[in-house]
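Chains, contacts and geometry: an overview
This is what each chain is made of:
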2 protein chains.
Amino acid sequence: MKPIQVGLLGIGTVGSGVFEVLRRNQEEITRRAGRGIEIAAVSRRDTAKARAIVGDAAEVVADARQIIANPDIDIVVELIGGYGLARELVLEAIAAGKHVVTANKALLAVHGTEIFAAAHARGVMVAFEAAVAGGIPIIKALREGLTANRIQWIAGIINGTTNFILSEMRDKGLDFAVALGEAQRLGYAEADPTFDIEGVDAAHKVTLMSAIAFGIPVQFDKAYVEGITKLSAADIKYAEQLGYRIKLLGITKRAEKGIELRVHPALVPSKRLLANVEGAMNAVLVQADAVGTTLYYGKGAGSEPTASAVIADLVDITRLHTANAAQRVPSLAFQPDALSDLPVLPMAEVVTSYYLRLRVADQAGVLATVTGLLAGAGISIDAVLQREADEVGGEGTGPDGTRGVPQTDLIILTHDTREGTMNDAIAQMQALPTVLEPITRIRKEELA
Amino acid sequence: MKPIQVGLLGIGTVGSGVFEVLRRNQEEITRRAGRGIEIAAVSRRDTAKARAIVGDAAEVVADARQIIANPDIDIVVELIGGYGLARELVLEAIAAGKHVVTANKALLAVHGTEIFAAAHARGVMVAFEAAVAGGIPIIKALREGLTANRIQWIAGIINGTTNFILSEMRDKGLDFAVALGEAQRLGYAEADPTFDIEGVDAAHKVTLMSAIAFGIPVQFDKAYVEGITKLSAADIKYAEQLGYRIKLLGITKRAEKGIELRVHPALVPSKRLLANVEGAMNAVLVQADAVGTTLYYGKGAGSEPTASAVIADLVDITRLHTANAAQRVPSLAFQPDALSDLPVLPMAEVVTSYYLRLRVADQAGVLATVTGLLAGAGISIDAVLQREADEVGGEGTGPDGTRGVPQTDLIILTHDTREGTMNDAIAQMQALPTVLEPITRIRKEELA
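Criteria and thresholds
Residues numbered from 1 in each chain as written. Chains lettered and ligands numbered in written order. Predicted model: local features only at pLDDT ≥ 70, side-chain atom pairs only at ≥ 80, totals over all residues. Heavy atoms only, no water. Least-squares fit on C-alpha atoms with pLDDT ≥ 70 in both. Contact = heavy atoms within 4.5 Å. Domains from an automatic or database assignment. Helix = DSSP H or I, 4+ residues; strand = E, 2+ residues; numbered from the N terminus. Buried area = accessible area lost by both parts, 1.4 Å probe. Salt bridge = Lys/Arg side-chain N within 4 Å of Asp/Glu carboxyl O. Axes fitted to C-alpha atoms, helices over the stretch in contact; angles between N-to-C directions. Parallel < 35°, antiparallel > 145°, perpendicular 65-115°, else oblique. Left-handed = near helix turned anticlockwise from the far one by under 90°. Nonpolar A, V, L, I, M, F, W, Y, C, P; charged D, E, K, R; others polar. Buried < 20%, exposed > 50% of the residue type's maximum accessible area, 1.4 Å probe, protein only. 1 Å grid on protein atoms, 1.4 Å probe; cavity = no way out; pocket = protein on both sides within 12 Å on 5 of 7 lines; lining within 4 Å. Points joined across faces, edges and corners; volume = space filled by probe spheres on them. Pairing = 2+ DSSP bridges. Phe/Tyr/Trp six-rings, centres within 6.5 Å; stacked < 30°, edge-to-face > 60°. Polar contact = N/O pair within 3.5 Å; in protein donor to acceptor, adjacent residues only side chain to side chain.

**Description of the relation of the copies chain A and chain B**
Superposition of chain A onto chain B requires a rotation of 180° combined with a translation of 0.0 Å along the rotation axis, giving an RMSD of 0.0 Å. Here the symmetry operator amounts to a two-fold rotation axis. The rotation axis passes nearest to the C-alpha of Ala323(A) in chain A, at a distance of 1.8 Å. In this assembly, 100% of the residues forming the interface of chain A have copies in chain B that are likewise at the interface, indicating an isologous arrangement.

Next comes the structure, spelled out in structure tokens:
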């Protein structure tokens, strides 16, 4: 049988990985797929650069639309990135009856509803294993491996850049800015790292996992997104003393009134496997009713790990595209006509526990005032850590404006609390004259 | 569309889990599968016990062959276990044109070649996610998630009973027999635990993973199998001091001249995630050329975790059985006509590193003699740990038969060595008059 014909729209880091791995492992891949998989054409505006990668093994064109218009192409792989042109090309490929593979999490998290509907209507597959956690087959696990289950929650380290930075901050006691510089120097962070460090990339990914886990449409605009730029070395150290590590987590959870969808730094108990995922590695923890807890770990980025996921999608399509489209594995795990309208909850409705750090005047009654205020708000305290004034070495301006007043850090861990309740309590505490600086609030996830 | 009709051959722990989870999550499962999945009939010799589980929701028969003969049944789930009747029924179901799901690792590891060939000839699917690592979708990951890769090796904690026992031995300093009794009392070990503690169950599972990873036939008879019954609390303690934990691993590896296939206890660096998989949990580590290292973790046994895997197979078959059989996901990941004849290597050809414990007379020259002998055999030493005689508190019979000679434990870690070479060296060391007891040899896997 003729090999299935693939066209790559864009060939850079990931595309060259796809080309190289397909070439290197062609024999094994064909033995698995029952049919050859051939990159017939690639597009890149600078055709010389594309030619340098593929040589004479594939047609090289400057205009991606030539690939879409080619009737011999069965599968189009979109590796251009971004929302604009990529969206147009994916929709055009679908309209032309091509199956689509993409690693573009941003595109799917924002325009997924439109794209998946178009693919459903046209009867083609859209596969995107590479969009979440790189080479880890987490989309497959959620969409196919755990189909028996009512999934309860997912918590993942799904951005390698931020996990690398947090690992460096902890290992070496570095502040955020220094660790970021280190990550940029080593190539773990881009020159403009905004999408990573502000949590946006992780939010794209958890949005996709949320849709697959709970059978809801992709709703990136409803996600709560908080990055790691405000974390200090001090918080990482205090967390460590309390038996926790701080990780940037993408979390989605089935709550009583809807779905939680959020990205933020979180304290995780040090003994959890997830807390021990270091450097640029990714891991996703899934809690589901029948199987219990499962965890998936591996490289979340890089040319060949990402190519591994793209090619797995190509093999999947080769194996499955002839199946009855009414049952064939749906892009979002649930059949398109069976999505749920469970709402994504506003962050104020989320229930979790908290780490609070208050910079307070080191004087009698402060602890009693703060804990009394929390008690009044119905917030239950799990642990308190108060440092001696000299331990943090601080003297500053007292509540009445006098200088030379001893200060200290007061650390409080709470039990589960509604975020809205915590917001109100923080506002009240912040207004106390003995609270000298903006309160640090980091959420805490026991993951039990 | 009419729900796909399923018959369970045998309904005990796993079967009742399948029934319960399908019932509880029917709505979500149908939304995923695009079609209902209905248990239409179950068989159990004691029909009253079966009736107590399924009530009026399914037909109950005493004779499994009635289910196979039923033309309305699309998928047969074999949950009887063992090799004899289970083999006959699976082959009969295939001959009758039914797709088959089974959790029976022993059956497939021993009779897989016959069963998969029959299924291929008849054009039906045989799925067995539940046969390896319970609810962890590791078969799916290997067969579908990592299809781009040339897999290099797999190392797994794939027997919960032995991992529980080893965790107890380490945590509480227990000897094997005591920890086994504890595991039996808590229901983690069966009354006759032989298959678990001797490594046979793990060998069945790694045999299946090996076939899927490397595209070779299932060859349980070629596996090297060593259990945990000879491990002592002392070895676990020494390993800990050297920075390792001892785990029962199922390992399969692509070597230069063939495939390694082995189950034995192994020292694993304490910092590896795999070393930190505790209690009855399972985890599988996979090294592959494109994706690098990935790890899969979860419950390896139990009614509902196993049911989760069985139902995932039911959904898979529902989604995929209409696809072209020539490309449709093959049972063993590779197309049946594309298997490799790579040999499974005899254990003497395996290359790994070693932990050796020698009980020696505590006298001058012993260390020099032993290390000289290893050097002569071309075995390179990584580390040596020699205890003071009083640390192990031992006095015994000396090499010349005199009593009251101080003894000590000499621990040696080696670099990579061919097992055959190590066998010879151990025989030579054992013959030394200063080596007073049988030498303990435990393999060491760096998993890097």
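**Focus on the domain arrangement of chain A**
In terms of domain boundaries, chain A breaks down into domain 1 (4-135 + 304-338), domain 2 (138-298) and domain 3 (350-444). Taken over C-alpha atoms, the centre of domain 1 of chain A sits 52 Å from the centre of domain 3 of chain A.

**Observations regarding the environment of Ala48(B)**
Inspection of the secondary structure assignment puts Ala48(B) in helix H3 (residues 47-54). Note: C-alpha distance between Ala48(B) and Ala62(B) (14 residues apart in sequence) is 9.5 Å.

**Quick word on the interface of chain A and chain B**
In this complex, chain A contributes 66 residues to the contact, which on the side of chain B involves 66 residues. Approximately 5300 Å² of surface area, both sides summed, lies buried where chain A meets chain B, with 53% of it carried by carbon and sulfur atoms. For chain A, the biggest contributors to the area lost against chain B are Arg31(A), Arg32(A) and Arg319(A); these three give 15% of the whole. Here chain A and chain B share eight salt bridges between them.

**Side note on the packing of helix H7 (residues 138-145) of chain A against helix H7 (residues 138-145) of chain B**
Axes are the key here: two packed helices are described by the angle between their axes and the distance separating the axes. At their nearest, the axes of H7(A) and H7(B) sit 10 Å apart, and the two run at 120° to each other. With respect to H7(B), the element H7(A) is oriented oblique. The chirality of how H7(A) crosses H7(B) is right-handed. Between H7(A) and H7(B), the residues in contact are Lys140(A), Glu144(A) and Gly145(A) and Lys140(B), Glu144(B) and Gly145(B), respectively. Among the residues forming the contact of H7(A) with H7(B), the class breakdown is no nonpolar, two polar and four charged.

**Considerations on the pattern of salt bridges**
Within this structure, the stated rule accounts for 73 salt bridges over all chains. One salt bridge in this structure joins Asp46(A) and Lys49(A), with 3.9 Å as the shortest N-O distance. The salt bridge partner of Glu445(B) is Arg262(B), with a shortest N-O separation of 2.9 Å. Here the residue Glu445(B) occupies a position in the segment after strand E18 (440-444), and Arg262(B) occupies one in strand E10 (residues 259-269), the gap between them amounting to 183 residues. The two residues Glu445(B) and Arg262(B) agree in class, both being buried.

**With respect to the layout of surface pockets**
All names here are of chain B. As a volume, the second largest pocket reaches approximately 1100 Å³. Around the second largest pocket sit 38 residues that line it, and Lys105, Glu190, Asp196, Asp201 and Ala301 are the ones nearest its centre. Secondary-structure elements contributing two or more residues to the lining of the second largest pocket are helix H1 (13-24), helix H6 (105-122), helix H8 (160-172), helix H10 (194-197) and helix H11 (200-214). For the lining of the second largest pocket, the per-class residue count stands at 14 nonpolar, 16 polar and eight charged. Residues from two domains meet in the lining of the second largest pocket; each of domain 1 (4-136 + 304-338) and domain 2 (138-299) gives at least three.

**Looking at the sheet that holds strand E6 (residues 126-127) of chain A**
Residues and elements named next belong to chain A. Taking strand neighbours across the sheet as the criterion, the six strands line up as E3-E2-E1-E4-E5-E6 in an open arrangement whose pairing is parallel. Both edges of this open sheet fall to strand E3 (59-61) and E6, since each of them pairs with a single strand only. Bridge analysis of strand E1 (residues 4-9) against strand E2 (residues 37-43) gives six bridges, and the strand direction is parallel. Bridging across to E2, leucine 9 finds its partner in serine 43. Packing against the sheet, helix H1 (residues 13-24) makes contact with E1 and E2, and its axis sits at approximately 150° to E2.

**Re the packing of aromatic side chains**
Tallied over the entire structure, the rule returns five aromatic pairs over all chains. With 5.6 Å between their ring centres and 45° between their planes, Phe116(A) and Phe128(A) make a pair best called tilted. On the criterion of sequence distance, the pair formed by Phe116(A) in helix H6 (residues 105-122) and Phe128(A) in the loop between E6 and H7 is long-range, its members being twelve residues apart. This pair shows no difference in class: Phe116(A) is buried, exactly as Phe128(A) is. Taking the centre distance of 6.4 Å and the plane angle of 75° together, the rings of Tyr296(A) and Tyr296(B) count as edge-to-face. Taken together, the positions of Tyr296(A) in strand E12 (residues 292-299) and Tyr296(B) in strand E12 (residues 292-299) put the pair across two chains. In this structure, Tyr296(A) and Tyr296(B) share a single accessibility class: buried.

**Topic: the sheet that holds strand E1 (residues 4-9) of chain B**
All names here are of chain B. Pairing is parallel in the open sheet, where six strands are placed in the order E3-E2-E1-E4-E5-E6. This sheet does not close on itself; its edge strands, each paired only once, are strand E3 (59-61) and strand E6 (126-127). Across the sheet, H1 lies against E1 and strand E2 (37-43), angled at about 150° from E2, the strand it touches most. H3 rests against E2 and E3 of the sheet, and its axis sits at about 160° to E3.

**Comments concerning the side chain of Glu168(A)**
Residues and elements named next belong to chain A. Assignment of secondary structure puts glutamate 168 in helix H8 (residues 160-172). Of note is the side chain of glutamate 168, whose polar atom sits 2.7 Å from the side chain of lysine 172. Glutamate 168 has contacts with Gly173, Leu174, Ala179 and Glu182, leaving out every residue within four places of it along the chain.

**Describing the environment of Tyr83(A)**
Residues and elements named next belong to chain A. Within the secondary structure layout, tyrosine 83 lies in the loop between strand E4 (75-78) and helix H5 (84-95). Note on tyrosine 83: relative accessible area 30%, which makes it partly exposed. Through-space distance from the C-alpha of tyrosine 83 to that of isoleucine 411 is 42 Å; in sequence the pair is 328 residues apart. Aside from chain neighbours lying at most four places away, what touches tyrosine 83 is Ala106, Leu107, Val110, His111, Phe195 and His204. At 3.4 Å, the side chain of tyrosine 83 forms a polar contact with the side chain of histidine 204.

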